[in-house]
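What follows is each chain in one-letter form.
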Amino acid sequence: QKEVEQDPGPLSVPEGAIVSLNCTYSNSAFQYFMWYRQYSRKGPELLMYTYSSGNKEDGRFTAQVDKSSKYISLFIRDSQPSDSATYLCAMMKGGGSEKLVFGKGTKLTVNP
Amino acid sequence: SQTIHQWPATLVQPVGSPLSLECTVEGTSNPNLYWYRQAAGRGLQLLFYSVGIGQISSEVPQNLSASRPQDRQFILSSKKLLLSDSGFYLCAWSGTSFTQFFGPGTRLTVL
């Protein structure tokens, strides 16, 4: 079983839709969870980060972490064509270990 | 504010040729530095990381090496490139928080 699993998609939605992106993981030691957005041929850009379980909201983006289920989600409300990108989840154990483990990314297209 | 630079942006090299990719960070001191490779369908693979000048940890044994000659400079090298070295190479840095920030990347094609 891979440490982090992420459905690669592709995911295609109409403009204005609510998008749900998800990752599952197997290592219960992960404590820090991140979402990166990567446009084509560009470096990943940090979108959201959370520590332990719970929700975090930033504008149209909401990150959720359920450590009991080893499941994290990123929700995008009122999706826009500019949200079209690949979304990567990443996680880390913390406690001095700074190695991020990434999912393979989900490619999202928002159609106008 | 902090910025991270990588060059070159794109590179086409023949098999067996040497490689040198450079990454520099501005606006911070004593960053942790990372080299990743992103291949199609394989996600981000950590190659090397460094917590200080001259301190390099290798994650994946291969024909690549890394060096950190200055606090904010990180170099990825190879003496002889293989076809399998093709990919998108990303440099990242982190400070006192756990978050990593990525550079624009170098797209390497080995022919």
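**A closer look at the sheet that holds strand S8 (residues 71–76) of chain A**
What links the strands of a sheet is backbone hydrogen bonding, and the strands pair in either a parallel or an antiparallel sense.
All names here are of chain A.
Alright, step 1. Here 5 strands make up an open sheet; going across it, the order is S1-S3-S8-S7-S6 and the pairing antiparallel. Two strands in the sheet have a free side with no partner beyond their single neighbour: strand S1 (4–6) and strand S6 (54–58). Here the average twist between neighbouring strands, direction ignored, is 15°.
Alright, step 2. Direction of pairing for S1 relative to strand S3 (residues 19–25): antiparallel, over a ladder of 3 bridges.

**Topic: the interface of chain A and chain B**
Alright, step 1. In this assembly, 17 residues from chain A lie in contact with 24 residues from chain B.
Alright, step 2. Taking both partners together, chain A and chain B bury about 1,600 Å²; carbon and sulfur atoms supply 61% of that area.
Alright, step 3. For chain A, the biggest contributors to the area lost against chain B are A:Arg41, A:Glu98 and A:Lys99; these three give 32% of the whole.
Alright, step 4. Between the two partners, chain A and chain B, sit 1 salt bridge.
Alright, step 5. We note a salt bridge from B:Glu59 to A:Lys99, for which the minimum N-O separation is 3.1 Å.
Alright, step 6. Our count for the contact surface shared by chain A and chain B stands at 3 residue pairs in polar contact (both at pLDDT 80 or more).

**Let's talk about the nonpolar core**
Note that soluble globular proteins tend to have their nonpolar side chains buried in a common cluster.
Alright, step 1. The biggest cluster of nonpolar side chains holds 24 residues, and the ones touching the most others in it are A:Trp35, A:Ile72, A:Leu74, A:Tyr87 and A:Met91.
Alright, step 2. Only S3, strand S4 (32–38), strand S5 (45–51), strand S7 (61–66), S8, strand S9 (85–92) and strand S11 (106–111) of chain A provide two or more residues apiece to this core.
Alright, step 3. In this structure, A:Tyr87 is in contact with A:Gln6, A:Leu21, A:Tyr36, A:Arg37, A:Leu47, A:Leu74, A:Ile76, A:Gly105, A:Thr106 and A:Leu108, ignoring residues within four places of it in sequence.
Alright, step 4. Listed in part, the 20 residues of the second largest apolar core include B:Leu33, B:Trp35, B:Phe74 and B:Leu108.

**Things to note about the state of the cysteines**
Alright, step 1. Enumeration according to the criterion identifies 2 disulfides over all chains in this entry.
Alright, step 2. Linked covalently through their sulfurs, A:Cys23 and A:Cys89 form a disulfide whose S-S length is 2.0 Å. Taking the sign of the S-S torsion, about -100° here, the bridge from A:Cys23 to A:Cys89 comes out left-handed. Separated by 66 residues along the polypeptide, A:Cys23 in strand S3 and A:Cys89 in strand S9 bring together distant segments of the chain. Side by side, A:Cys23 and A:Cys89 carry an identical accessibility label, which is buried.
Alright, step 3. Between the sulfur atoms of B:Cys23 and its disulfide partner B:Cys91 the distance amounts to 2.0 Å. In this structure the cystine formed by B:Cys23 and B:Cys91 twists about its S-S bond by roughly -75°; its chirality is therefore left-handed. Of this pair, B:Cys23 sits in strand S3 (residues 19–26) while B:Cys91 sits in strand S9 (residues 87–94), and the two are 68 residues apart along the sequence.

**Details of the sheet that holds S3(B)**
Residue and element names in this part refer to chain B.
Alright, step 1. Read from one edge of the open sheet, 4 strands run S1-S3-S8-S7, paired in antiparallel fashion. Two strands lie at the open edges of the sheet, namely strand S1 (3–7) and strand S7 (64–70), each paired on one side alone. Each strand of the sheet is rotated relative to its neighbour by a mean of 20°, with strand direction disregarded.
Alright, step 2. Inspection of the sheet shows S7 paired to strand S8 (residues 73–78) by 5 bridges, in the antiparallel sense. Paired with Ser65 across the bridge in S8 is Ser77.

Parameters at a glance
- Residues numbered from 1 in each chain as written.
- Chains lettered and ligands numbered in written order.
- Predicted model: local features only at pLDDT ≥ 70, side-chain atom pairs only at ≥ 80, totals over all residues.
- Heavy atoms only, no water.
- Pairing = 2+ DSSP bridges.
- Helix = DSSP H or I, 4+ residues; strand = E, 2+ residues; numbered from the N terminus.
- Axes fitted to C-alpha atoms, helices over the stretch in contact; angles between N-to-C directions.
- Contact = heavy atoms within 4.5 Å.
- Buried area = accessible area lost by both parts, 1.4 Å probe.
- Salt bridge = Lys/Arg side-chain N within 4 Å of Asp/Glu carboxyl O.
- Polar contact = N/O pair within 3.5 Å; in protein donor to acceptor, adjacent residues only side chain to side chain.
- Core = buried A, V, L, I, M, F, W, Y, C linked by side-chain atoms within 4.5 Å.
- Buried < 20%, exposed > 50% of the residue type's maximum accessible area, 1.4 Å probe, protein only.
- Disulfide = S-S within 2.5 Å.

From the geometry alone we can't say anything about function, so treat these as descriptive.
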